[in-house]
Amino acid sequence: MESTFFTALQNIASPEVMLVIFLSAVYGLFVGSIPGLTATMAVALLIPLTFYLDNLSAIAAIVTLEACSIFAGDIPTTLVRIPGTPSSAAYTDDAYSLTRQGLHETSLGVSLVFSVAGGLFGALVLIFAAPQLAKIAFQFTTYEYFWLYVLGLSCAAIVSTGSRLKGALALMIGLMFSTVGLSEVHSVPRFTFGFDELFTGINFIPAMIGLFGLSEVFRNCLTSKTEEGTGKLVSAVVAEDDHSLFKHLKPVFGGVLPRLWKQKMGWFRSSCIGATIGMIPGAGADIAAWISYAVSKKCSKTPEEYGKGSLDAVGDATSANNSALAGAWIPALVLGIPGDSVTAIVIGVLLMKNITPGPAIFENPDQLVLVHGIYLTFIVANLLLIPLGFLAIRSGAQLVRVPRRILMPLILMFCVVGSYSINGSYFDVWVMLGMGIIGFVLEVFAIPLGPVVLGIILGGQLEQTFVQNLTKDDSFLSFFNRPISAGLGIFCIALWLVPMIMPLLRKKIQSTT
Amino acid sequence: MNQCALANTTVRLMLLQLSLILAAGCSSDLAENYPDRPISIICPWSVGGATDRTSRQLAVFLEQELGVPVNVINATGGRGVTGHSRGLKARPDGYTLAIITVELNMLHWQDLTSISSQDTIPVMSFVDGAAAIFVKNDSPFHNMQELQAYVKQNPGKLTATGTASGGIWHLSLAGWLDFSGLKADDIKWIPMNGAGPSLQELASGGVDLVCCSLPEAKTLYDSGQVRCLGVMAEKPLPEFKKVPTFISQGMNWNISGWNGLALPPETPQPIVDKVSNAVKKITSGKTIVQGKTFPEFMRAAGLSTRYRADDQFALFLKTNDETLGKLLTSDAFRKMSSRGTGPLVFPGLLAAAMCVIFVCLAVQKKVPALAPDVSSDTVTSRGVVNTVLVLSCVVAYLLLAEKLGFLLTAGSILFLLLWKLGTRWWMSILITLLFIPGIYTLFAQLLRVPLPRGMFGW
């Protein structure tokens, strides 16, 4: 055990591996911060390169890339309100509100530090508990998945700002969009109106870019007055005449460490939620972010701030989605079952290198060295994220200084190119345009957009598990047949019913006393 | 009908002639210089799967062989309809290659698309993954006979999965049942998207059987978490010698999923030859990347291959199409596909829930609660003009980009918007000149997104 660990340490400390890690970190930050380009896509682009790399470097590159790009997704989320990754959609409103208050650098600083903290927590879980925890993946059948998706969706609807009914409405709209296309379970085209392109359904990435990004462009154009159009946001934290050495560090990191200490329980709770959900194949960082956001709001002393620029919300949700990343590696390494799309690619790369993921790699000493190397990479990558993320934030923050009349056309360009690039299809750009209009209209009616996005992402899987369960057994009671599914199911139902019944109960108690 | 077909052919011929005449000026050097810009491979399945792995390996080797960048685009979804139609309906200039899979021979029988293997120029087949039946390690079944006997005694008791209803693995299992004289729905098929989730479901005890190819189950099989009862191939697979075939268990039933490379119809012959020769060189192991040949890479990835070139591949496509067509149009299969929870149940439930929410909202009178920042006070007439301008710019981009290319379209749009939103004209030009080539380099060169090139080729 110890000897392999030290061998791994030696391997990873070699200049080549370190160079690979450094370059992939830069690449990951870069790709992650461009809307429309996902971590999965970035990793897929890396595959041909892995042919030329040795085993450890190849996997280290993927780990680093993933860890960095998920944080980088927060940068466009905060600055221009285009979620870089679906998991950022949970706290888009919070992060962007902070930007409008001029606190974008503080918000990103919190994102960065909590991402790193969450990522490190996830890495520790992976290191110390992987073999014991991996079996969780084998507890989940379609029944449990159904309730898990319901839980994630309910959280999204319930925590969204404004009335709970509007949150539910947004959720239904999102779910409705997800039914467009060829139904995976029935192989029957639905709502395609004869368009071949609609067979694929509505891709959530262009939808997300449209709903958040384009609708923001519309709103800015529509409400801009010429004088206001030239106005720019200034950082609220730093006085212009501050010339000290910490001038640059202060807006990003100022007060973050005390905050981390103050919020340690929130961080611990969110990271646990993240790692656990990440471990379940098919559930990923996006569900983790929403659920931890909901829990965080529930436990918060200031729940009214959530959705209007709460740093607690950003911190908690972002540590959850980063710790979910490492969680997804647990079933991939221990069982050979991919926890998400990135680990699916990793398994492919490992197979190509003649390594079969599964219990056996923990017994073969050579391969164990590689596993330890992966652990160490998670830690190195997260630590490396601090300086590189800082640089990314500082350079990204220049964006908000650009006058809106210049920024808006550029954002529009990125919306168009970003939605095109995910699949190289014009149809996705049409989707983005349509969603931009819908997003704008929904915002006018004060209907939250986050649940719409999650509805589109999870709707297909929700329906699948629903139909699968009913195919296995016609009765609805079978949804509660297994212990975990029963527990999750009752919890979900309570989540919706309790707030409805509570006022009635309270009234009754008042009338009796 | 006949007349219609005749007219159709005439139109096609005329179009062909027209394009030939148009292309005559540059076509000779077009084929000669081929390839002089990046090539895209359209893969109809998602990242991480066997077909994606094949496409990406192929891309690396083609890049070496042809000397230009080769990118893989995953056009996923719609059970392969999207990817196949995109690959095969692409401009036939040799810059878009299509990966085709067994679904090409199935989708048209299921009325999901009109394209079939007739609409391709087959180049080479790669993977040939025979279907196999898997059970969990603690399952009571140890060979196919036991399973067959059990199903005979208890029809409808067992559940199986592996892919969507009507997918290739479903077809393999149903075909075997039919072959054994059983009814195709004597084993309940639980539709799932892909072998990965199916195997996880099997290991969690959610289903009794999984039908998929051996490489897809390699990790769980090697670690002993699932067992394989038999593989539907003529001979045991070289990578999995221990797995018995169906034939060795007295059942003469073979079926497999495959993938291959094809070109859109009407691709000029010189280009077809160039691609075909390059691919032949690759599959025969003459091209070496990083000290390894393509077949070596495929073997390492655990993928069983069967390389059939040009005419051989075309012949295989034809017979395969007939076999699958027979199965898919058989009564047993037709009947089965139409049972269970219907496709409109879920949308129906959603619609009902939406109605309830609307009623509640109406009762609470919360609908008119509008966001404060978009109201008659803040919206200016200039703003409305600008918004309409933004909208029409996106539409203009969508309509013109393919013809004029990214640089020209995006450049004019960006300039127009900057100028109209109040930036001075020379500043707008400066920003446009700075950003558009920048975005182009970033996406097309560094990130390998094939941005539209238009008629000028840039």
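Model, not experiment: these values are computed from the prediction.

Caption draft 1: Fine view of the overall build of chain B. Along its length, chain B carries 16 helices and 12 strands. Across the 458 residues of chain B, 46% fall into the buried class. Counting only contacts in chain B whose residues sit at least 6 apart along the sequence, the fraction spanning at least 24 positions is 72%.

Caption draft 2: Representation of the pairing of strand 1 (residues 39–43) of chain B within the structure. Residue and element names in this part refer to chain B. In terms of burial, strand 1 is a largely internal element, five of the five residues being buried. Here strand 1 shows no split at all, with Ile 39, Ile 41 and Cys 43 on one side and Ser 40 and Ile 42 on the other all buried. With five bridges joining them, strand 1 and strand 2 (residues 70–74) adopt parallel strand pairing. For Ile 39, the partnering residue across the bridge sits in strand 2 and is Val 70.

Caption draft 3: Looking closely at helix 14 (residues 381–404) of chain B. Its 24 residues place the ends of helix 14 of chain B 32 Å apart at the C-alpha level, agreeing with the 34 Å of an ideal helix rising 1.5 Å per residue. Along helix 14 of chain B, the sharpest kink reaches roughly 35 degrees, centred on Leu 398 of chain B. For helix 14 of chain B, every residue scored as buried is listed here: Gly 383, Asn 386, Thr 387, Val 390, Cys 393, Val 394, Tyr 397 and Ala 401 of chain B. Contacts made by the buried residues of helix 14 of chain B are with helix 10 (204–223), helix 19 (404–421) and helix 20 (426–444) of chain A together with helix 15 (406–420) of chain B. Where helix 14 of chain B ends, the next residue or the one after it, Gly 405 of chain B, has phi of about 90 degrees, a positive value.

Caption draft 4: Focus on the interface of chain B and chain A. Of the residues lining the interface, 89 residues belong to chain B; the matching set on chain A comes to 93 residues. With nine residues, helix 13 (residues 345–364) of chain B is the single largest residue contributor to the side of chain B that touches chain A. In the side of chain B that touches chain A, the residues fall into 49 nonpolar, 30 polar and 10 charged.

Caption draft 5: Looking closely at the packing of helix 2 (residues 50–66) of chain B against helix 9 (residues 269–283) of chain B. All names here are of chain B. Packing of helix 2 against helix 9 brings their axes to within 10 Å, and their N-to-C directions diverge by 120 degrees. Judged by the angle between their axes, helix 2 and helix 9 are oblique. Taken as a pair, helix 2 and helix 9 cross one another with a handedness that is right-handed. Every residue of helix 9 that contacts helix 2 at Phe 61, Leu 62, Glu 65 and Leu 66 is listed here: Ala 278, Lys 281 and Ile 282. Tallied by class, residues from the contact of helix 2 with helix 9 come to five nonpolar, no polar and two charged.

Caption draft 6: Local environment of the packing of helix 2 (residues 15–32) of chain A against helix 4 (residues 55–72) of chain A. Residues and elements named next belong to chain A. At their nearest, the axes of helix 2 and helix 4 sit 7 Å apart, and the two run at 30 degrees to each other. With respect to helix 4, the element helix 2 is oriented roughly parallel. For helix 2 against helix 4, the interelement crossing comes out right-handed. Every residue of helix 4 that contacts helix 2 at Glu 16, Val 17, Val 20, Ile 21, Ser 24, Ala 25, Tyr 27, Gly 28, Leu 29, Val 31 and Gly 32 is listed here: Leu 56, Ser 57, Ala 60, Ala 61, Thr 64, Leu 65, Glu 66, Cys 68, Ser 69, Ile 70, Phe 71 and Ala 72. Grouping the constituent residues of the contact of helix 2 with helix 4 by class yields 15 nonpolar, six polar and two charged.

Reading the values: the criteria
- Residues numbered from 1 in each chain as written.
- Chains lettered and ligands numbered in written order.
- Predicted model: local features only at pLDDT ≥ 70, side-chain atom pairs only at ≥ 80, totals over all residues.
- Helix = DSSP H or I, 4+ residues; strand = E, 2+ residues; numbered from the N terminus.
- Buried ≥ 20, exposed ≤ 12 C-beta atoms within 10 Å, placed from the backbone.
- Contact = placed C-beta atoms within 7 Å.
- Pairing = 2+ DSSP bridges.
- Expected span 1.5 Å × (residues − 1).
- Bend = angle between axes of the 7 residues up to and from the residue.
- Nonpolar A, V, L, I, M, F, W, Y, C, P; charged D, E, K, R; others polar.
- Axes fitted to C-alpha atoms, helices over the stretch in contact; angles between N-to-C directions.
- Parallel < 35°, antiparallel > 145°, perpendicular 65-115°, else oblique.
- Left-handed = near helix turned anticlockwise from the far one by under 90°.

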